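# Inside the fold
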Amino acid sequence: VTVTAPAGGPDLTAFTAADDFGRSSSSGWGASDKGGSWSALYGAASAASVSGGVGRISLPAGQTRNMALSGVSVRDAQQMVRFSLSAAASTGNSYVGLVSRQSSANDYTIRAFMQSSGMVTLVAKASSVTLTSTSVPGLTWAAGTDYMMKTEVTGSSPTTIRAKIWAAGASE
């Protein structure tokens, strides 16, 4: 997974957390521009690195790694990430996910499943429960192509979840 920030970077005063990955690190993502330090969940930080304005996670098949800004705490969140997969999975499917809200009791996660058939499916989960799974019409994926994913989680009882994915450079 490759995470990049738009050229020029955003005005950080408008965000709770932001990172343009303008540093180098061979083990972990280090400190973000705003929001504290990145920490690795579900495995070692050594799978993550930063160089050339890009945060990378390199994993063998069957492993998962989440990178989190553990010092950030907000109820309503909007996230946007640019990502690409360097290669198709040798077996099964690959996914990229954003945890949009997390507490000690549960979390809301949006995952883009990049299927071996080329199909892209967005999956919204509350902890381990799948809330919805939607194939994205007209979008297929290929290794090395950049995609944008935007998520929004707002409210409580009910909680509203929105997500979209598109090819980078195309209109949202």
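Please read these numbers as outputs of a predicted model, since none were measured by experiment.

What counts as what
- Residues numbered from 1 in each chain as written.
- Predicted model: local features only at pLDDT ≥ 70, side-chain atom pairs only at ≥ 80, totals over all residues.
- Heavy atoms only, no water.
- Helix = DSSP H or I, 4+ residues; strand = E, 2+ residues; numbered from the N terminus.
- Buried < 20%, exposed > 50% of the residue type's maximum accessible area, 1.4 Å probe, protein only.
- Contact = heavy atoms within 4.5 Å.
- Areas by Shrake-Rupley, 256 points an atom, 1.4 Å probe, with all protein chains shown as cover.
- Lys, Arg positive; Asp, Glu negative; His and termini not counted.
- Charge placed at Lys NZ, Arg CZ, Asp CG, Glu CD.
- Core = buried A, V, L, I, M, F, W, Y, C linked by side-chain atoms within 4.5 Å.
- 1 Å grid on protein atoms, 1.4 Å probe; cavity = no way out; pocket = protein on both sides within 12 Å on 5 of 7 lines; lining within 4 Å.
- Points joined across faces, edges and corners; volume = space filled by probe spheres on them.
- Nonpolar A, V, L, I, M, F, W, Y, C, P; charged D, E, K, R; others polar.
- Phe/Tyr/Trp six-rings, centres within 6.5 Å; stacked < 30°, edge-to-face > 60°.
- Salt bridge = Lys/Arg side-chain N within 4 Å of Asp/Glu carboxyl O.
- Pairing = 2+ DSSP bridges.

Another point: the overall build of the protein chain. Scanning the protein chain from N- to C-terminus turns up 0 helices and 12 strands. Start at the N end of the protein chain and walk to the C end: the helices and strands fall as β-β-β-β-β-β-β-β-β-β-β-β. Projecting the C-alpha coordinates of the protein chain onto the three principal axes gives extents of approximately 40 × 35 × 35 Å. Within the protein chain, the proportion of its 172 residues that are buried is 31%. A fraction of 45% describes how many contacts in the protein chain between residues 6 or more apart in sequence connect residues 24 or more apart. For the protein chain, the exposed surface amounts to about 9300 Å²; the carbon and sulfur share of it is 50%. Averaged over its 12 positive side-chain charges, the protein chain has a centre that lies 6 Å from the centre of its 9 negative ones.

Turning our eyes to something else, we now look at the nonpolar core. Among the nonpolar cores identified, the biggest contains 17 residues, and Phe-83, Met-114, Met-149 and Ile-165 are the most heavily contacted of them. Going through the elements one at a time, β6 (77-83), β7 (94-102), β8 (107-114), β9 (119-126), β10 (129-140) and β11 (147-154) are the ones with two or more residues in this core. Not counting the four nearest positions on each side in its chain, Met-149 is found in contact with Gln-79, Met-80, Val-81, Phe-83, Val-96, Gly-97, Leu-98, Ile-110, Ala-112, Leu-122, Lys-164 and Ile-165. By size, the runner-up hydrophobic cluster in this structure holds 6 residues, among which are Phe-21, Trp-29, Ala-48 and Met-67.

A separate point is the layout of surface pockets. The calculated volume of the second largest pocket comes to roughly 170 Å³. Around the second largest pocket sit Ile-110, Leu-122, Val-123, Ala-124, Leu-131, Thr-132, Thr-134, Ile-161, Arg-162 and Ala-163, which together line it. Those elements that provide at least two residues to the lining of the second largest pocket are β9, β10 and β12 (160-167). Residue classes in the lining of the second largest pocket are distributed as 7 nonpolar, 2 polar and 1 charged.

With the rule as written, the count across this model stands at 5 aromatic pairs. Between Phe-21 and Trp-29 the ring centres are 5.1 Å apart and the planes differ by 75 degrees, which places this aromatic pair in the edge-to-face class. Neither Phe-21 nor Trp-29 differs from the other in exposure class; each is buried. Geometrically, the ring pair formed by Phe-21 and Trp-38 is stacked, given 6.2 Å between the ring centres and 20 degrees between the ring planes. One end of the pair, Phe-21, is in the loop between β1 (2-4) and β2 (38-41); the other, Trp-38, is in strand β2, with 17 residues separating them in the sequence. Each member of the aromatic cluster is reached from another via a ring pair, and the members are Phe-21, Trp-29 and Trp-38.

As a further point, take the pattern of salt bridges. Considering all chains together, one arrives at 7 salt bridges under this definition. Residue Glu-152 is joined to Arg-162 by a salt bridge in which the shortest nitrogen-to-oxygen separation is 2.8 Å. Of the two residues, Glu-152 is situated in strand β11 and Arg-162 in strand β12; the sequence distance between them amounts to 10 residues. The partly exposed category is assigned to Glu-152, whose relative accessible area is 22%. The salt bridge involving Glu-172 is made with Lys-164; its shortest N-O contact spans 3.1 Å. Sharing partners across several salt bridges, the network here consists of Arg-75, Asp-76 and Arg-101.

Looking along a regular strand, one sees side chains alternate from face to face of the sheet. The alternating pattern of strand β3 (residues 48-51) places Ala-48 and Val-50 on a buried face and Ser-49 and Ser-51 on a face that is not buried. Inspection of the sheet shows β3 paired to strand β4 (residues 54-57) by 4 bridges, in the antiparallel sense. Looking at β4, one finds that Ser-51 is bridged to Val-54. Adjacent in sequence and paired antiparallel, β3 and β4 are bridged by 2 residues, among which Gly-52 carries a positive phi angle near 60 degrees.

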